[in-house]
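Structural overview for review
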There are 2 protein chains.
Amino acid sequence: MKSNRNINYGLYLVSDRDVLDGRDFIRSLEEAILGGVTLIQLREKNATSSEFYSLAVKVKELASKYNIPLIINDRIDIALAVDADGVHVGQDDMPANVVRDILGKDKIVGVSTATLEEALKATEDGADYIGVGALFPTDTKTDTRIVTLDQLKNIKENISIPVVGIGGINENNIKSVSDTGIDGVAIVSAILGKEDIREAAVKLYNDFARK
Amino acid sequence: MKSNRNINYGLYLVSDRDVLDGRDFIRSLEEAILGGVTLIQLREKNATSSEFYSLAVKVKELASKYNIPLIINDRIDIALAVDADGVHVGQDDMPANVVRDILGKDKIVGVSTATLEEALKATEDGADYIGVGALFPTDTKTDTRIVTLDQLKNIKENISIPVVGIGGINENNIKSVSDTGIDGVAIVSAILGKEDIREAAVKLYNDFARK
Ligand code: NI
């Protein structure tokens, strides 16, 4: 999993321990993988570096077991420490070109964008893929810029690298997102917040990733 | 400044933008350097990665101008991004041996400790120096474990690497700290919180670093 080519961004799971409501983190991620998740982004916004590192070690072990790529949100050092497959940065994180310099060409670099201008900049900076959103209002992310499906489609048509939609995507709206022709959907609550995590992933996988 | 040998830990400045009360950050650090500070640790606990990186670029430029080592608190990735001289980690940050693996042998690794056991562990993990404290109660750090001067002296006598005292050190107590025989004092408010930053550094330098 050292190459950033042929990555399946289809059903892209972004972790959030809060929505698990006390359920075991690793077991929940494993259920999601068994349901069809194709890639995991470990996202921790309030953990100490020690906690983030310890979690990353465990998630890396799980991801390796299932041969699923692991992307670390924001922290290049955590990604290096656990030999993750890549890093995802937002507009408030380190510049993508600096991330690329630190990680080298064999790791995946993803960038959150909300406009065509940001998407073009990310491509220029060496990103392997972009996240685009928020597509729908959501509680799980404080970044509240809304990108319409028409804007998403326009970005997809003008960008050469894979495009992953993010923000409030769920079983009710996923088909409208899939219709834009993008490469993947990033999901948080619509998988990890569900009582049956595996079943939720299977349903979303069937509605999008297997299109 | 690529070697971690012959580092002067004498007057070790830890940054804190809050105590500057609106004064220019880089200009204040420059005043502290002109007053005799021998090393700067850039510490940012609430900044975004983007802000931290931008500040680090500026502080690196300043530190290079005066040939002062720059240490980054917690974030190995920020240190790599700006080619800082090293990283300082606390007990809640990444394990020191992992930091050493990522940074390689030529960068400085410092570890915060509060007991002889932690100090010995840090040495074993490959630390170049340890911080020991908090020596006195302080508002600038939430870590409130208190290390007495007798405990500090005991740690210094049992550790082969340089020992830097930290926590509430100021013009009134610095001589008692100096008497323990340690290699450096880490200062925040007693330099950056003073109206005349350069003068405060000069006085502390005379009371400790030139001992
Ligand atoms: Ni891999």
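Rules used in this analysis
Residues numbered from 1 in each chain as written. Chains lettered and ligands numbered in written order. Predicted model: local features only at pLDDT ≥ 70, side-chain atom pairs only at ≥ 80, totals over all residues. Heavy atoms only, no water. UniProt positions renumbered as here; feature names shortened; annotations may be inferred. Core = buried A, V, L, I, M, F, W, Y, C linked by side-chain atoms within 4.5 Å. Buried < 20%, exposed > 50% of the residue type's maximum accessible area, 1.4 Å probe, protein only. Contact = heavy atoms within 4.5 Å. Helix = DSSP H or I, 4+ residues; strand = E, 2+ residues; numbered from the N terminus. Polar contact = N/O pair within 3.5 Å; in protein donor to acceptor, adjacent residues only side chain to side chain.

The name an unreviewed UniProt entry gives chain A is Thiamine-phosphate synthase, with Alkaliphilus flagellatus as the organism. Word for word, the UniProt comment on chain A under Function (unreviewed entry) is "Condenses 4-methyl-5-(beta-hydroxyethyl)thiazole monophosphate (THZ-P) and 2-methyl-4-amino-5-hydroxymethyl pyrimidine pyrophosphate (HMP-PP) to form thiamine monophosphate (TMP)." Note on chain A: under the UniProt heading Pathway (unreviewed entry), the record states "Cofactor biosynthesis; thiamine diphosphate biosynthesis; thiamine phosphate from 4-amino-2-methyl-5-diphosphomethylpyrimidine and 4-methyl-5-(2-phosphoethyl)-thiazole: step 1/1."

1. Some words on the nonpolar core
In this structure, Ile191(A) and Ile191(B) are the most contacted members of the largest nonpolar core, which totals 126 residues. Ignoring any residue separated from it by four or fewer positions in sequence, one finds Ile191(A) in contact with Leu11(A), Leu13(A), Ala32(A), Val37(A), Ile197(A), Ala200(A), Ala201(A) and Leu204(A).

2. A few points about unusual backbone geometry
Residues and elements named next belong to chain A. Cis geometry is found at the peptide bond from Gly133 to Ala134, where omega equals 10 degrees. Examined against the element boundaries, Ala134 turns out to sit in the loop between β6 (129-133) and α6 (149-158). Phi at Asp74 is positive, roughly 75 degrees, even though this residue is not glycine. Mapped onto the elements of the fold, Asp74 is located in the loop between β3 (70-73) and α3 (76-82). Phi is positive for Asp83, close to 55 degrees, though the residue is something other than glycine. Using a relative accessible area of 32% as the deciding quantity, one classes Asp83 as partly exposed.

3. Remarks on the side chain of Asp93(B)
Residue and element names in this part refer to chain B. Among the secondary structure elements, Asp93 is positioned in the loop between β4 (86-89) and α4 (96-103). Its relative accessible area of 8% is what places Asp93 among the buried residues. A polar side-chain atom of Asp93 sits 2.7 Å from the main-chain amide nitrogen of Gly90.

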